[in-house]
Amino acid sequence: MKYHTPLTRDELRELSIPEPWSYGTADRVRFGEIDALNHVNHTAYLRWFETFRINYFRDYGISNYDDGSPRIVLKSITAEFIQEMVVAQDYIVTGRTTSFRNTSWVMEYAVWTDQGLMTTGSSVIVQLDPTTGAKLPLSASVRETLITRDGASQA
């Protein structure tokens with residue numbers, strides 16, 4: 001399995017990850033992500049979602065995180081833990097935008113292993129002007145990408 005590299009839709013299907021997930025990245029649980037109960041600490045999942053979002057935003061043309069890019073702000077995030085995970089376990093984080101408004105969008109996440117679905121999550125993201133800090137409308141090209149690649153709808 002290739003780590004830290006976007007997986008194609010076909011690769012996700014080969015790994016038994018169903019539709020509608022079309023974008024994911026793989027990694028392996030590290031010892032430092034384990035808690036006193038010997039399973040992945042809840043904070044690790046939030047970091048995994050964040051790492052996923054950075055690649056997703058770059059690949060989707062939302063932000064390159066340079067001076068001219070919009071500021072991307074996490075407004076809220078949730079996680080539901082379905083099965084516990086342990087050290088050295090391979091996993092895939094998938095994510096997609098389900099809906100968007102003028103300046104914000106809702107993302108869903110899922111963490112998968114060879115044992116199936118382990119964790120789900122969601123977040124609300126807001127886009128801000130890098131200079132003024134005011135809410136910044138999503139461009140037409142970003143809206144089209146979210147619709148085309150993720151099946152997102154305008155709320």
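First, a word on scope: everything that follows refers to the structure included in this document. Residue numbers restart at each chain and count upward from 1, following the sequence in its written direction. Selection of residues for local features in this predicted model requires a pLDDT of at least 70, selection of side-chain atom pairs for listing and counting requires 80 or more, and totals for whole chains, interfaces and linings are taken over all residues. Side-chain measures were taken over the full set of non-hydrogen atoms in the model, leaving aside hydrogen atoms and water.

**Section: the pattern of salt bridges**
Link 1 in the chain: By salt bridge we mean one thing: a side-chain nitrogen of Lys or Arg within 4 Å of a carboxyl oxygen of Asp or Glu. In the structure shown here, the tally under the stated rule is 6 salt bridges.
Link 2 in the chain: Between D27 and R30 there is a salt bridge; the shortest N-O distance is 3.0 Å.
Link 3 in the chain: Residue exposure (1.4 Å probe, protein chains only): buried if accessible area is under 20% of the type maximum, exposed if over 50%, otherwise partly exposed. A relative accessible area of 40% means that R30 is categorised as partly exposed.
Link 4 in the chain: D90 is paired through a salt bridge with R28; the nearest N and O atoms lie 2.8 Å apart. A residue pair is termed long-range when its members are at least 10 positions apart, and D90 in strand 3 (residues 90-100) and R28 in strand 1 (residues 24-28) qualify at 62 residues. Per the convention used, a helix needs a DSSP run of H or I reaching at least four residues, while a strand needs a run of E reaching at least two, with both numbered from the N terminus.

**Focus on helix 2 (residues 42-59)**
Link 1 in the chain: How far a helix is expected to stretch is found by multiplying one less than its residue total by 1.5 Å. Under the 1.5 Å per step criterion, the end-to-end length of helix 2 is 27 Å for 18 residues, consistent within 8% with the ideal 26 Å.
Link 2 in the chain: Considered for burial, the residues of helix 2 that qualify are A44, Y45, W48, F49, F52, R53, Y56 and F57.
Link 3 in the chain: Count one or two residues on from helix 2 and you reach G61, which has phi positive near 75 degrees.

**Thoughts on helix 3 (residues 140-150)**
Link 1 in the chain: Turning to helix 3, its buried residues are V142, R143, L146 and D150. Along the axis of helix 3, the buried positions cluster into a sector of 105 degrees, meaning they face one direction only. Away from the buried face of helix 3 by more than 90 degrees, exposed residues A140, S141 and T148 are located.
Link 2 in the chain: Contacts are assigned to residue pairs with any non-hydrogen atoms lying within 4.5 Å of each other. Those residues of helix 3 hidden inside the fold are in contact with helix 2, strand 3 and strand 6 (153-154). Directions drawn from the helix axis to the C-beta atoms are what define this arc.

**A short note on the packing of aromatic side chains**
Link 1 in the chain: Classification of ring pairs rests on two measures: the distance between centres of Phe, Tyr or Trp rings, Trp counted by its six-membered ring, which must be within 6.5 Å, and the angle between planes, read as stacked under 30 degrees, edge-to-face over 60 and tilted in between. Following the criterion strictly, the structure yields 12 aromatic pairs and no others.
Link 2 in the chain: Measuring from ring centre to ring centre gives 3.9 Å for W48 and Y91, while their planes differ by 20 degrees; the resulting arrangement is stacked. With W48 in helix 2 and Y91 in strand 3, the pair connects residues that are 43 residues apart, well separated along the chain. Of the two residues examined, W48 and Y91, each falls in the buried class.
Link 3 in the chain: Taken together, a centroid distance of 6.3 Å and an interplanar angle of 90 degrees make the contact between F52 and Y109 edge-to-face. In this pair, F52 is assigned in helix 2 and Y109 in strand 4 (residues 104-113), connecting sequence segments 57 residues apart. Of the two residues, F52 and Y109, both sit in the buried class.
Link 4 in the chain: R96 extends its terminal NZ or CZ atom over the ring of W21, reaching a point 5.6 Å from the ring centre.
Link 5 in the chain: By definition, being over a ring means that NZ of Lys or CZ of Arg is both within 6 Å of the ring centre and within 35 degrees of the ring normal. The ring centre of Y60 lies 3.9 Å from the NZ or CZ of R149, which sits over that ring.

So, to be careful, I would describe these as geometric facts and stop short of saying anything about function.
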